[in-house]
Amino acid sequence: MIRSVSRAAIAAASIIAVATPALAHMTFEDTQSTPGASFRGVLVLPHGCDGAPTDTVRVNLPEGFGDVTAEDKDGWVLEMPSVDGQVAQTTWSGGSVPDDSHEQFAFTGTFADDLPETDILFAVEQMCGDVALGWEPVVSLGENNTSDHAHHGGEAVTLGDLELTSAFTRATLPNAPVGGGYVAITNTGDQADRLVSAESSFSPDVQIHEMAVVDDVMKMQQLPEGLEIPAGETVTLAPGGLHLMFMNISEPFVEGQTVPVTLTFERAGAIEIELAVQAFGASTTSHSEHEGH
Ligand SMILES: [Cu+2]
């Protein structure tokens, strides 16, 4: 019942182009925690939906995040539906946040002891009337684990002077309108190259994003000029940092499958690679080695 409401909202979202030049993302104020620890998630709305005020904010809580309470807001109705005895979502609805205002929505819970020290992803839906935007703010349960393993695992693919390794993505929730894409790109040549665009059959619009602090809030934004790969260096796209963003995905990313993406570089040309779909919330490619469904 809960799911069908979400799907209807996302269906409406899929006909809206979300491609603004500086797309701010919704992220948590604090993005670090540990297994077994309590965590207060503070979401700051980056903006409304194309000028329309926000009237609903829904957080889909990941497995292993329990004892959830959410903070009431004046003028908003708070709902916390449970599935199998665990709060599955917190939804604030019925209020109105103008496009340019940075209102906060907060909840608290505890991460289970047995969660791996990886990034945990919360799928957030922001709705403005019949338009919905999807966000995937992440909490890291390990120390700097987003890049430690980025150079390990996965087969290397070579294109001219470029070597691509650790290409992966993560499973998406059935109602998530966006997916991420990650790969490490090493330039073994003596001239800089530039990732200028990405295309995939899974999305009408694959963007290149970076993380940046804007007005003291960590946000993601599109790099309209692409991403430079300096000579002799490795640029790593990884959760919590630089990434490809698949907007309005046509179908969910399913663990164990692959998502094709064609990367076009200014000098080296274009190449199609396969992103291995890792578990929901996975932070590296290394999980594939001991999982065989
Ligand atoms: Cu992004």
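Draft legend 1. Highlighting the pairing of strand S22 (residues 258-265). Here four bridges tie strand S16 (residues 193-200) to S22, and the two strands are oriented antiparallel to one another. Residue pairing across strands places Ser197 opposite Thr264, the latter belonging to S22. As judged from the eight bridges shared by S22 and strand S23 (residues 269-278), these two strands associate in the antiparallel manner. Bridge pairing in S23 places Leu263 opposite Ile271.

Draft legend 2. Expanded view of the coordination of the copper ion. Summarising the metal site, the copper ion is bound by the protein donors His209 (ND1), His243 (NE2) and Met245 (SD), whose distances to it range over 2.1 to 2.7 Å. Owing to a relative accessible area of 0%, His209 belongs among the buried residues under this scheme.

Draft legend 3. Molecular detail of the confidence of the model for the chain. Across the chain, pLDDT averages 80, with 81% of residues at or above 70. No element of the chain has a lower mean pLDDT than helix H1 (residues 2-13), at 37, and none a higher one than S16, at 97. Taken together, the stretch residues 1-23 has pLDDT below 50 and engages in 41 contacts with residues farther than four places along the chain or on a different chain. Counting interchain partners and residues more than four positions distant, the pLDDT-below-50 stretch residues 144-153 has 23 contacts.

Draft legend 4. Focus on the packing of aromatic side chains. What the rule picks out here adds up to 14 aromatic pairs. Seen from their ring centres, Trp92 and Phe105 are 5.4 Å apart, and the 65 degrees between their planes marks the pair as edge-to-face. One end of the pair, Trp92, is in strand S7 (residues 89-97); the other, Phe105, is in strand S8 (residues 104-111), with 13 residues separating them in the sequence. Taken as a pair, Trp92 and Phe105 share a single burial class, namely buried. Members of the aromatic cluster, connected to one another through ring pairs, are Phe28, Phe39, Phe65, Phe107, Phe111 and Phe122. If you follow Lys73 out to its NZ or CZ, it ends over the ring of Phe105, 4.7 Å from the centre.

Draft legend 5. Broad picture of the sheet that holds strand S3 (residues 65-70). One open sheet accounts for three strands, arranged S1-S8-S3; its pairing is antiparallel. A single partner strand is all that each edge strand has here, and the edge strands are strand S1 (38-44) and S3. Strand-to-strand, the axes of this sheet are offset by a mean angle of 25 degrees, without reference to chain direction. Alignment of S1 against S8, held across seven bridges, turns out to be antiparallel.

Draft legend 6. Here's a closer look at the environment of Gly75. Of note, Gly75 is situated in the loop between S3 and strand S4 (77-79). For Gly75, a relative accessible area of 62% puts it in the exposed group. Counting along the chain gives 20 residues from Gly75 to Gly95, while the straight-line C-alpha distance between them is 5.5 Å. Once residues within four sequence positions are removed from consideration, Gly75 is found in contact with Gly94 and Gly95.

Draft legend 7. Highlighting the side chain of Glu125. Within the fold, Glu125 resides in strand S10 (residues 123-128). There is a polar contact of 2.9 Å between the side chain of Glu125 and the side chain of Asn60.

Draft legend 8. Inspection of unusual backbone geometry at higher detail. For Asp84, which is not a glycine, the phi torsion comes out positive at approximately 55 degrees. Note on placement: Asp84 falls in the loop between strand S5 (82-83) and strand S6 (86-87). Its relative accessible area of 79% is what places Asp84 among the exposed residues. A positive phi angle is found at Asn248, which is not glycine, with a value near 45 degrees. Relative to the assigned elements, Asn248 resides in the loop between strand S21 (243-247) and S22. Take Asn248: its relative accessible area is 16%, and that puts it in the buried class.

Draft legend 9. Inspection of the nonpolar core at higher detail. Core analysis: the biggest nonpolar cluster contains 29 residues, and Val59, Leu61, Phe65, Trp92, Phe107, Phe111 and Phe122 have the highest contact counts within it. Of all the secondary structure elements, the ones that give two or more residues to this core are S1, strand S2 (54-60), S3, S7, S8, S10 and strand S11 (131-135). Excluding anything up to four places from it in sequence, Phe122 contacts Phe28, Val59, Asn60, Leu61, Pro62, Phe65, Phe107, Phe111, Trp135, Glu136, Pro137 and Val139. One finds Leu162, Val206, Leu223 and Leu237 within the second-largest nonpolar core, a separate group that totals 28 residues.

Draft legend 10. View of the sheet that holds S11. As summarised here, the arrangement of the five strands in space is S4-S7-S2-S10-S11, forming an open sheet in which the pairing is antiparallel. At either margin of the open sheet sits one strand with a lone partner, and together these are S4 and S11. Mean inter-strand twist for the sheet, computed between neighbouring axes without regard to direction, equals 15 degrees. Sheet topology note: the S2/S10 ladder contains five bridges and is antiparallel. Within the sheet, the bridge partner assigned to Thr56 lies in S10 and is Met127.

Rules of the game
Residues numbered from 1 in each chain as written. Predicted model: local features only at pLDDT ≥ 70, side-chain atom pairs only at ≥ 80, totals over all residues. Heavy atoms only, no water. Pairing = 2+ DSSP bridges. Helix = DSSP H or I, 4+ residues; strand = E, 2+ residues; numbered from the N terminus. Donors = N, O, S within 2.8 Å, 3.2 Å for Na, K, Ca; no water. Buried < 20%, exposed > 50% of the residue type's maximum accessible area, 1.4 Å probe, protein only. pLDDT = per-residue confidence, 0-100. Contact = heavy atoms within 4.5 Å. Phe/Tyr/Trp six-rings, centres within 6.5 Å; stacked < 30°, edge-to-face > 60°. Lys NZ or Arg CZ within 6 Å of the ring centre and 35° of its normal. Axes fitted to C-alpha atoms, helices over the stretch in contact; angles between N-to-C directions. Polar contact = N/O pair within 3.5 Å; in protein donor to acceptor, adjacent residues only side chain to side chain. Core = buried A, V, L, I, M, F, W, Y, C linked by side-chain atoms within 4.5 Å.

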